[in-house]
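# Structural features, examined
Okay, here's what each chain looks like letter by letter:
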Amino acid sequence: MMTQPTLLPGQCSKRTNGDRERYSFSGHQTFPFRYSWLKKAVDAVHDDPNVFRREDAIVIFGVGKNMVESIRHWGLATQVLEEDQRTRQLRISEWGKLLFLEECDPYLEDPGSLWLLHWLLVSNPARAATWYLAFNMYPFPDFRKEALVSFIHGFAERNQLRANVGTIRRDVDCFVRTYTPSRLTTTEVPEDSFNCPLVELELLELLPDDMTYRFVVGPKPSLPVEVVAGVILSLLGRLGSGRRTLSIHECLYEPLSPGQIFKLDESALVDYIEQLEAITGGAVAVDETAGLHQLYVRRPIDGKELIVQYLRARVTP
């Protein structure tokens with residue numbers, strides 16, 4: 001089995017002294033990430049862990065200063081890069097090595113890679129608080145931008161987080177453009193309209209009024225069962241050491257659950273659990289006791305290893 005990454009998807013980073021969870025806003029310089037950015041970040045850090053500090057970084061990456069900062073941010077937000085908190089030196093995470101150095105899917109051609117990156121992103125409040133809050137905490141199926149801004153600002157105030165309304169508004173705008181196709185206006189340069197790869201997941205849609213966005217809840221045909229398994233097993237570990245059961249309700253509505261992260265309905269979730277029972281030889285199954293449906297883990301299983309096997313199986317020989 002591979003060693004676990006420093007910060008598992010689905011596990012919020014916590015301060016070692018037991019203080020509250022970390023949340024941060026901004027850092028993306030208003031740009032959603034693009035198809036080549038994560039590979040560029042990993043390759044550059046592989047060659048030089050201090051590449052983003054170099055005076056010639058704009059030459060190395062071939063973009064402006066703001067985009068260089070954005071590439072660094074997205075490498076950390078999607079957890080393909082990690083940062084030493086003392087030295088601020090970057091290193092490549094196990095996920096970054098798997099996708100881009102081992103070249104399991106360096107150009108993000110497999111939807112499973114995009115679903116994995118989505119999970120890594122929305123389970124990382126320390127780098128992408130707005131993305132985490134929108135998917136895991138926002139209580140409504142649709143929103144207008146200002147409503148989401150108000151919700152996140154209220155959360156920040158209640159938890160004494162450093163984030164003003166302007167910062168959150170820019171975050172929400174970038175969040176929307178992470179998951180919905182850009183619409184080129186007469187004042188935009190085509191380079192600024194490139195879609196984020198996560199648009200392909202079709203998790204968010206703009207309604208006909210051109211102001212309201214809706215999370216797309218239901219089956220996700222391109223979502224691999226192995227990635228769902230990783231989320232379920234990560235949630236199980238997060239809710240309690242040694243715990244072996246999850247209710248279907250928890251799998252649907254608990255923060256960092258597959259229902260919230262992937263916007264699955266109950267029918268789609270149960271279908272994934274049935275698939276998971278098959279691929280794990282019954283290690284994970286649905287158990288009905290006293291009329292209560294629960295997911296039951298009969299024997300230990302490594303969710304990350306399932307994802308690793310899925311990705312490696314798709315490497316072209």
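Everything in this summary refers to the structure shown in the same document.

## Describing the side chain of Asp110
Along the chain, Asp110 turns up in the loop between helix 4 (94–101) and helix 5 (111–122). Since its relative accessible area comes to 15%, Asp110 is described here as buried. One polar contact links the side chain of Asp110 to the main-chain amide nitrogen of Gly112, over a distance of 2.7 Å.

## Quick look at the pairing of strand 8 (residues 292–297)
Sheet analysis places strand 6 (residues 245–247) next to strand 8, joined by three bridges and oriented antiparallel. Paired with Thr245 across the strands is Tyr296, a residue of strand 8. The pairing of strand 7 (residues 284–289) with strand 8 spans six bridges and is classified as antiparallel. Across the sheet, residue Val286 finds its bridge partner in strand 8, namely Leu295.

## Section: helix 13 (residues 303–312)
Across the ten residues that make up helix 13, a large majority, eight, are buried. Within helix 13, burial applies to Gly303, Lys304, Glu305, Leu306, Ile307, Val308, Tyr310 and Leu311. Those residues of helix 13 hidden inside the fold are in contact with helix 4, helix 5, helix 9 (225–239) and helix 12 (266–279). For helix 13, the N-terminal capping position is held by Asp302, with its side-chain oxygen 3.0 Å away from the main-chain nitrogen of Lys304.

## Describing the sheet that holds strand 3 (residues 142–144)
With antiparallel pairing, the three strands of this open sheet are ordered in space as 3-5-4. The open sheet has two edge strands, strand 3 and strand 4 (204–206), and neither has a second partner. The sheet shows a mean angle of 25 degrees between the axes of neighbouring strands, direction not considered. Here strand 4 pairs with strand 5 (residues 212–215) via three bridges, running antiparallel. Directly across from Leu206, in strand 5, lies its bridge partner Tyr213.

## Some remarks on the pattern of salt bridges
For the coordinates displayed, the defined rule picks out 16 salt bridges. Its salt-bridge partner being Lys39, residue Asp43 comes within 3.1 Å of it at the nearest N-O pair. In this pair, Asp43 and Lys39 are both assigned in helix 1 (residues 37–47), four residues apart and thus about one turn of the helix distant. Since its relative accessible area comes to 26%, Asp43 is described here as partly exposed. Salt bridges linked by common partners bring Arg72, Glu83, Arg88 and Arg127 together as one network.

## Considerations on the nonpolar core
Judged by nonpolar contacts, the single largest core of 100 residues is most densely connected at Phe52, Leu81, Phe175, Tyr179 and Phe262. Among residues more than four places away in sequence, those in contact with Phe52 are Ala41, Val45, Phe61, Val68, Ile71, Arg72, Leu81 and Leu90.

## Here's the deal with the sheet that holds strand 8
Taken together, the three strands give an open sheet; going across it, the order is 6-8-7, and neighbouring strands pair in antiparallel fashion. This sheet does not close on itself; its edge strands, each paired only once, are strand 6 and strand 7. Recorded for the sheet is a direction-independent mean angle of 35 degrees between the axes of neighbouring strands. Together, strand 6 and strand 8 form the strand contacts of helix 9, whose direction differs from that of strand 6 by roughly 105 degrees. Most of the contacts of helix 12 go to strand 7, to which it runs at about 120 degrees, and overall it touches strand 7 and strand 8.

## As for the packing of aromatic side chains
Tallied over the full model, the rule gives 18 aromatic pairs. Their ring planes at 75 degrees and their centres at 6.4 Å tell us that Phe31 and Trp37 sit as a pair that is edge-to-face. Ring centres of Trp74 and Trp131 lie 5.5 Å apart, and the angle between their planes is 80 degrees; this geometry places the pair in the edge-to-face category. Remark: Trp131 occurs in helix 6 (residues 129–136) and Trp74 occurs in helix 3 (residues 65–77); sequence separation between them is 57 residues.

## Notes on the packing of helix 4 against helix 13
Two measures define how a pair of helices packs: the angle their axes make with one another and the distance between the axes. Where helix 4 meets helix 13, the closest approach of the two axes is 11 Å, and the angle between their N-to-C directions is 10 degrees. When the axes of helix 4 and helix 13 are compared, the pair comes out roughly parallel. Residues Glu94, Trp95, Leu98 and Leu99 of helix 4 form the contact with helix 13, whose participating residues are Lys304, Ile307, Val308, Leu311 and Arg312.

## Quick notes on the packing of helix 6 against helix 8 (residues 165–179)
Relative to each other, helix 6 and helix 8 sit at 65 degrees, their axes nearing to 9 Å. The orientation of helix 6 relative to helix 8 falls into the category roughly perpendicular. The element helix 6 and its partner helix 8 pack so that their crossing is right-handed. Between helix 6 and helix 8, the contacting residues are Thr130, Trp131, Ala134 and Phe135 on the first element and Asp171, Val172, Cys174, Phe175, Thr178 and Tyr179 on the second. Considered class by class, the residues forming the contact of helix 6 with helix 8 number seven nonpolar, two polar and one charged.

Rules behind the numbers
- Residues numbered from 1 in each chain as written.
- Predicted model: local features only at pLDDT ≥ 70, side-chain atom pairs only at ≥ 80, totals over all residues.
- Heavy atoms only, no water.
- Helix = DSSP H or I, 4+ residues; strand = E, 2+ residues; numbered from the N terminus.
- Buried < 20%, exposed > 50% of the residue type's maximum accessible area, 1.4 Å probe, protein only.
- Polar contact = N/O pair within 3.5 Å; in protein donor to acceptor, adjacent residues only side chain to side chain.
- Pairing = 2+ DSSP bridges.
- Contact = heavy atoms within 4.5 Å.
- Axes fitted to C-alpha atoms, helices over the stretch in contact; angles between N-to-C directions.
- Salt bridge = Lys/Arg side-chain N within 4 Å of Asp/Glu carboxyl O.
- Core = buried A, V, L, I, M, F, W, Y, C linked by side-chain atoms within 4.5 Å.
- Phe/Tyr/Trp six-rings, centres within 6.5 Å; stacked < 30°, edge-to-face > 60°.
- Parallel < 35°, antiparallel > 145°, perpendicular 65-115°, else oblique.
- Left-handed = near helix turned anticlockwise from the far one by under 90°.
- Nonpolar A, V, L, I, M, F, W, Y, C, P; charged D, E, K, R; others polar.

Without other data, these values stay purely geometric and don't point to any function.
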